[in-house]
Amino acid sequence: MNFKLDTAPRRVAFAIVVSLLLHSLVLWGPNMQLPNFNPSLPQLTAKLEALPSAPAKPKPKRKTRPAAQKIEAAPAPEPQPEPQPEPLPQAVTPAASTPVAASEPAVASAPVDTATLAADTDKPTDRPPLPMHARLTFAINKGTSNFRVGESIHTLDIDDGRYVLQATTSTAGIVKLFKSYELDQYSSGRYGKDGLQPDLYSEERKERIGKQRNAVEFDHATQRARFSNGLEMTLPPETQDILSVMYQFPPLAHTEIAAVSVGNGKKIEHYQFEVGVDETIDTPLGKLLTVHLHKMHAANEEGLDIWLAREYRLFPVKLRFTEKNGEVSGEAVITDIRVSEEEGVRKDVAN
């Protein structure tokens, strides 16, 4: 017989025969043990037990350690947000035509002392130090409405104990087509421990019919005020001009009425203001906590109200002008405040 498995049918038949023999042995053959099978179980078990230990390897911990190191290192870059206000002094220039600073909050940051005043109303509302440069923009509205008829821009520059304060007010928008008006105000003098001390104030009004200029010189040595119209008057102590008084109001500590002498280019007038320490007003900059100064006047006199922002260095943020008949002729409402972070250097204060 030929037992070679050289063909596919023979290989299949051989596989069937072998399979039948093996099954017969298992079913009907003697009890056979496989000594080599049992020892293999512990080896398999050992391998399976090692699998759960894989997640417990230190590799995941190594991934978390760099994260912890980053958290610990985070305080180092924390001072970086502090230089964010730096663009303010960089954008500051003495020129009145250039924005003084690019503040951020598009608005000036309140000094710590002023912020404290806003939080604690029992403390005196003394004026905080003035910045080296400042620029304030006001919208001029008709009456108490929001109808804008003009714009006013104030700029303050302090250098080596001297200050220059300028304001330009002019008609704007559609109103300018019917009425052309411009008022240029200039105040300069000394900036010392007592604040602004004006030496010169001038104003020039420009209308279609012509120009008008008035000026006053404050001679503190002789205590005389000399006006461009030829008038000469005694100069009361701490006299301010009509522009500087808004940035150098007398101390308002625990008082209900404040007195101030003001030169307006034609003469010196003496005003008394009622002081309202805490009044919140609505402005384009949001709600502002203010000191409200209300000029006391007779029924046939012009009125003036000034609101100083407690959160913004006691800068003026709203002005209201009242006619002799009691009608509000207009309001100036702050729309933008830009300041440098550097304080103005006082001439008679040791640094």
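Because the structure is a prediction, the values reported are computed rather than measured.

Calculation notes
- Residues numbered from 1 in each chain as written.
- Predicted model: local features only at pLDDT ≥ 70, side-chain atom pairs only at ≥ 80, totals over all residues.
- Heavy atoms only, no water.
- Helix = DSSP H or I, 4+ residues; strand = E, 2+ residues; numbered from the N terminus.
- Contact = heavy atoms within 4.5 Å.
- Areas by Shrake-Rupley, 256 points an atom, 1.4 Å probe, with all protein chains shown as cover.
- Phe/Tyr/Trp six-rings, centres within 6.5 Å; stacked < 30°, edge-to-face > 60°.
- Buried < 20%, exposed > 50% of the residue type's maximum accessible area, 1.4 Å probe, protein only.
- Patch = residues over 30% accessible without salt bridge, like charges linked within 9 Å, V, L, I, M, F, W, Y side chains within 5 Å.
- Salt bridge = Lys/Arg side-chain N within 4 Å of Asp/Glu carboxyl O.
- Core = buried A, V, L, I, M, F, W, Y, C linked by side-chain atoms within 4.5 Å.
- pLDDT = per-residue confidence, 0-100.

Enquirer: Explanation requested: the overall build of the chain in the structure shown.
Expert: On a plain count of helices and strands, the chain comes out with five helices and 15 strands. Put simply, of all contacts in the chain between residues at least 6 apart along the chain, 48% involve residues at least 24 apart. In the structure as shown, the chain presents an accessible area of about 21400 Å², 56% of it carried by carbon and sulfur atoms.

Enquirer: Help me understand the packing of aromatic side chains in this model?
Expert: Summed over the entire model, instances satisfying the criterion amount to three aromatic pairs. Here the aromatic rings of Tyr271 and Phe273 are separated by 6.2 Å at their centres, their planes lie at 85°, and the arrangement is edge-to-face. Accessibility classification places Tyr271 together with Phe273 in one group, the buried group. Taken together through their ring pairs, the aromatic side chains of Phe249, Tyr271 and Phe273 make up a single cluster.

Enquirer: Looking at this model, I keep getting lost on the environment of Ser188. Mind explaining?
Expert: Within the secondary structure, Ser188 is located in strand E4 (residues 181-192). Once the C-alpha coordinates of Ser188 and Pro198 are considered, the two residues, 10 residues apart in sequence, prove to be 5.5 Å apart. Dropping the residues within four chain positions of it, Ser188 is found in contact with Tyr163, Val164, Pro198, Asp199 and Leu200.

Enquirer: How should I be thinking about a nonpolar patch on the surface in this particular structure?
Expert: Together, Phe147, Ile174, Leu177 and Phe178 give the surface a local cluster of nonpolar side chains, amounting to about 490 Å² of exposed area. Take Phe178: it is sitting in the loop between strand E3 (162-171) and E4. Taking relative accessible area as the criterion, Phe178 reaches 65% and is therefore assigned exposed.

Enquirer: Before we go on, may I ask you to explain the nonpolar core in this structure?
Expert: In globular proteins that are soluble, nonpolar side chains generally tend to be buried together. Counting 50 residues, the largest nonpolar core has Leu136, Phe249, Leu293, Phe315, Val317 and Ile337 as its most contacted members. With near-sequence residues (within four places) excluded, Leu293 lies in contact with Phe249, Leu252, Phe273, Glu274, Val275, Leu304, Asp305, Ile306 and Leu308.

Enquirer: How should the confidence of the model for the chain be read in this particular structure?
Expert: Segments scoring low in pLDDT should not have their predicted coordinates read at a detailed level. Summing up the model confidence of the chain, the mean pLDDT is 75 and the portion of residues at 70 or higher is 62%. This model gives residues 109-125 a pLDDT under 50, and the stretch forms 32 contacts once residues within four places in sequence are excluded.

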